[in-house]
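This is what each chain is made of:
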Protein chains: 2
Amino acid sequence: MTRILYSLCGADAHRPFSPHAWKVVMALKHKGLEYTEQPTPFTQIPNLENGFSKTVPILRDGNELIRDSFDIAVYLDERYPDRPTLFGGEGGKALSRFVEGFSQTVVHGAIARIAIKSVHDTLGPADQAYFRSSREAIFGRSLEEVAADRQREIDTFAEKLKPVTHTLKFQPFLGGEAPLFADYILFGALQWLRVTDGADVLGKDGLLASWFERLLDLHDSAGRVVTAA
Amino acid sequence: MTRILYSLCGADAHRPFSPHAWKVVMALKHKGLEYTEQPTPFTQIPNLENGFSKTVPILRDGNELIRDSFDIAVYLDERYPDRPTLFGGEGGKALSRFVEGFSQTVVHGAIARIAIKSVHDTLGPADQAYFRSSREAIFGRSLEEVAADRQREIDTFAEKLKPVTHTLKFQPFLGGEAPLFADYILFGALQWLRVTDGADVLGKDGLLASWFERLLDLHDSAGRVVTAA
């Protein structure tokens, strides 16, 4: 059966960096499902699968096409119920939305402000033009003006992750004794930063750093294979 | 069987306000368990149950004594497995810790800065002296200096709850279609603010306000019975 994950890359196809696609990489490996990854530059995404989605990740699973990382995780858990669960029950599925909310409304903005220039610089020429115009419209400032806040964002990053640190005082993963999709949600964000920019926001030890290292080790070091920027 | 919830009150025993005790009120009602609530002033807590705990909530369940709201919820779910679940599975239990982390590291501080003077003013004389000295030690400022930031904290409160708002775009409760302990964790914090201070931080409509109203309606309006300050 054909199983393809369309993810996102810059000029180097071997350095996929989309936080949402990384969630799906980890989810597919968690379920033990073989797949081919097809990293795609921003401006070529509209050509994928006859224009199925404006954004990645997109998963082709045989005859099925699914977009959106959360919807893909739900699909995988329902389609392959005999493989390890991504949610640990209905309560875990519901609360994973809250982790997504935390990641997207607290963490993503901070990472975008840290890594915006690094992301830009990894892109090919067509993507650079698209990225600059779309992101400058979102921020209402030039990329360079956003990037001027980089060090301040790095300095305040661990403070924003206090809810994660609290959780790790009680258990090794957000999902408990073993990782669940909730861990991969935040992993995706931090891996996006690691691959594009490499800023050290978690420190060298402590609960956050050791949790992220454990996630990088998972599934034959699937995350670590792509080196830090 | 004797089942007693020791909670926290000021001069008026009919206005219990501890966020952690409110979580347990909702958890007990969720499980359909009868109990007697014994609201207790700060300075009398060390006398409860032969000095069992320096803080409330404390639950006496027959011969069992349990402290800490999360531990009490876990106890109730394990002791009464045939009644409605508080966690919706192991994943839900694990991720409830993350909601607790969010509540305690993001929400509680903001509420404390909004309501600190209101809480003080509801206490009896002995508790007022204890509260002032302990809280001024924590904040490193006088209660009045902390309270000077009240309006700014109110104005920025909804912004802090963006992860909750995100979740409510997909489902009526953090727990999904029905509430779980995770909902009660954040409810406890907001009820603490509602009972002591009454600041309008959620607005009159919108996803946050309607979610909180649904929680106030639950279990024969257990939360609404104590009126807003």
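Quick notes on the rules
Residues numbered from 1 in each chain as written. Chains lettered and ligands numbered in written order. Predicted model: local features only at pLDDT ≥ 70, side-chain atom pairs only at ≥ 80, totals over all residues. Heavy atoms only, no water. Helix = DSSP H or I, 4+ residues; strand = E, 2+ residues; numbered from the N terminus. Rg over C-alpha atoms; globule rule 2.2 N^0.38 Å. Least-squares fit on C-alpha atoms with pLDDT ≥ 70 in both. Buried < 20%, exposed > 50% of the residue type's maximum accessible area, 1.4 Å probe, protein only. Polar contact = N/O pair within 3.5 Å; in protein donor to acceptor, adjacent residues only side chain to side chain. Contact = heavy atoms within 4.5 Å. UniProt positions renumbered as here; feature names shortened; annotations may be inferred. Salt bridge = Lys/Arg side-chain N within 4 Å of Asp/Glu carboxyl O. Nonpolar A, V, L, I, M, F, W, Y, C, P; charged D, E, K, R; others polar. Core = buried A, V, L, I, M, F, W, Y, C linked by side-chain atoms within 4.5 Å. Pairing = 2+ DSSP bridges. Axes fitted to C-alpha atoms, helices over the stretch in contact; angles between N-to-C directions. Domains from an automatic or database assignment. Buried area = accessible area lost by both parts, 1.4 Å probe.

1. Digging into the overall build of chain A
Inference 1: Within chain A one finds 10 helices and 4 strands.
Inference 2: Reading chain A from its N end, one meets helices and strands in the order β-α-β-β-β-α-α-α-α-α-α-α-α-α.
Inference 3: Here the C-alpha radius of gyration of chain A, 17 Å, is about what a compact globule of 229 residues would show, namely 17 Å.
Inference 4: In terms of overall dimensions, chain A has C-alpha extents of about 50 × 45 × 30 Å along its principal axes.

2. Concerning the relation of the copies chain A and chain B
Inference 1: Between chain A and chain B, which share one sequence, the superposing operator has a rotation angle of 180 degrees and an axial displacement of 0.0 Å; the RMSD is 0.0 Å. This pairing of chains is accounted for by a two-fold axis. Every residue of chain A has its C-alpha some distance from the rotation axis, and the shortest such distance is that of G92(A), at 1.9 Å.

3. Re the side chain of H30(B)
All names here are of chain B.
Inference 1: Among the secondary structure elements, H30 is positioned in helix α1 (residues 19–30).
Inference 2: Residue H30 is classed as buried on the basis of its relative accessible area of 13%.
Inference 3: Polar contacts involving the side chain of H30 include one to the main-chain carbonyl oxygen of T85, which spans 2.7 Å.
Inference 4: When near neighbours in sequence (up to four residues on either side) are disregarded, H30 contacts P84, T85, L86, P179, Y184 and H219.

4. Comments concerning the UniProt feature "domain: GST C-terminal" (unreviewed entry) in chain A
Inference 1: As annotated by UniProt and renumbered to match this structure, "domain: GST C-terminal" (unreviewed entry) occupies residues 105–229 of chain A.
Inference 2: Counted over residues 105–229 of chain A, helix gives 70% and strand 0%. Its end C-alpha atoms are 24 Å apart.

5. Topic: the interface of chain A and chain B
Inference 1: Across the boundary between the two partners, chain A contributes 30 residues, which contact 30 residues of chain B.
Inference 2: Run the count over chain A and chain B and you get 0 salt bridges.
Inference 3: Put simply, chain A and chain B have 6 residue pairs in polar contact (both at pLDDT 80 or more) between them.
Inference 4: Of all elements in the fold, only α3 (90–122) and α8 (162–168) of chain A reach the threshold of two or more residues within the side of chain A that touches chain B.
Inference 5: With 15 residues, the single largest contributor to the side of chain A that touches chain B is α3(A).
Inference 6: In terms of residue class, the side of chain A that touches chain B is built from 13 nonpolar, 13 polar and 4 charged.

6. Focus: the nonpolar core
Inference 1: Membership of the largest hydrophobic core comes to 149 residues, with the highest contact counts inside it found for L76(A) and L76(B).
Inference 2: Apart from the residues lying within four places of it in its own chain, the contact partners of L76(A) are A27(A), L28(A), K31(A), L33(A), L59(A) and L86(A).

7. Things to note about the sheet that holds strand β4 (residues 64–67) of chain A
All names here are of chain A.
Inference 1: The mixed open sheet is built from 4 strands, whose spatial order is β2-β1-β3-β4. If you trace the sheet from one side to the other, it starts and ends with β2 (36–40) and β4, each paired once. Each strand of the sheet is rotated relative to its neighbour by a mean of 20 degrees, with strand direction disregarded.
Inference 2: Here strand β1 (residues 3–8) pairs with strand β3 (residues 58–61) via 4 bridges, running antiparallel. When the bridges of β3 are listed, I4 appears paired with R60.
Inference 3: Sheet contacts for helix α1 (residues 19–30): β1, β2 and β3; angle to β1, the most-contacted strand, approximately 150 degrees.
Inference 4: Helix α2 (residues 69–79) contacts β3 and β4 of the sheet and is inclined by roughly 140 degrees relative to β4.

8. Some details on the domain arrangement of chain A
Often the size quoted for an interface is simply the accessible area lost on bringing the parts together.
Residues and elements named next belong to chain A.
Inference 1: By the assigned domains, chain A splits into domain 1 (3–79) and domain 2 (90–221).
Inference 2: A C-alpha centroid distance of 18 Å is found between domain 1 and domain 2.
Inference 3: For the domain 1 and domain 2 pair, buried surface summed over both sides reaches about 2,200 Å², with 71% attributable to carbon and sulfur atoms.
Inference 4: Across the contact surface, domain 1 and domain 2 share 2 salt bridges.
Inference 5: Note that K93 and E78 form a salt bridge whose closest N and O atoms lie 3.7 Å from each other.
Inference 6: Linking domain 1 with domain 2 are 5 residue pairs in polar contact (both at pLDDT 80 or more).
Inference 7: If you list the elements that add at least two residues to the side of domain 1 that touches domain 2, you get α1 and α2.
Inference 8: Counted by class, the side of domain 1 that touches domain 2 contains 13 nonpolar, 5 polar and 5 charged residues.

9. Thoughts on the sheet that holds strand β1 (residues 3–8) of chain B
All names here are of chain B.
Inference 1: Read across the open sheet, the 4 strands follow the order β2-β1-β3-β4; overall the sheet is mixed. The two strands at the open ends of the sheet, each matched to only one other strand, are β2 (36–40) and β4 (64–67). Adjacent strand axes in the sheet meet at a mean angle of 20 degrees, parallel and antiparallel pairs treated alike.
Inference 2: Here β1 pairs with β2 via 5 bridges, running parallel. The residue bridging L8 from the neighbouring strand is T40, located in β2.
Inference 3: Seen against the sheet, α1 touches β1, β2 and β3 (58–61) and runs at an angle of roughly 150 degrees to β1.

10. Points about unusual backbone geometry
Inference 1: Cis geometry marks the peptide bond from V56(A) to P57(A), where omega comes out at 5 degrees.
Inference 2: Relative to the helices and strands, P57(A) resides in the loop between β2 and β3.
Inference 3: The backbone of N50(A) sits at a positive phi, close to 55 degrees, despite the residue not being glycine.
Inference 4: Despite not being glycine, H219(B) shows a phi value in the positive range, around 50 degrees.
Inference 5: Following the sequence through the fold, H219(B) ends up in helix α10 (residues 206–221).
Inference 6: Assessed through its relative accessible area of 24%, H219(B) is described here as partly exposed.

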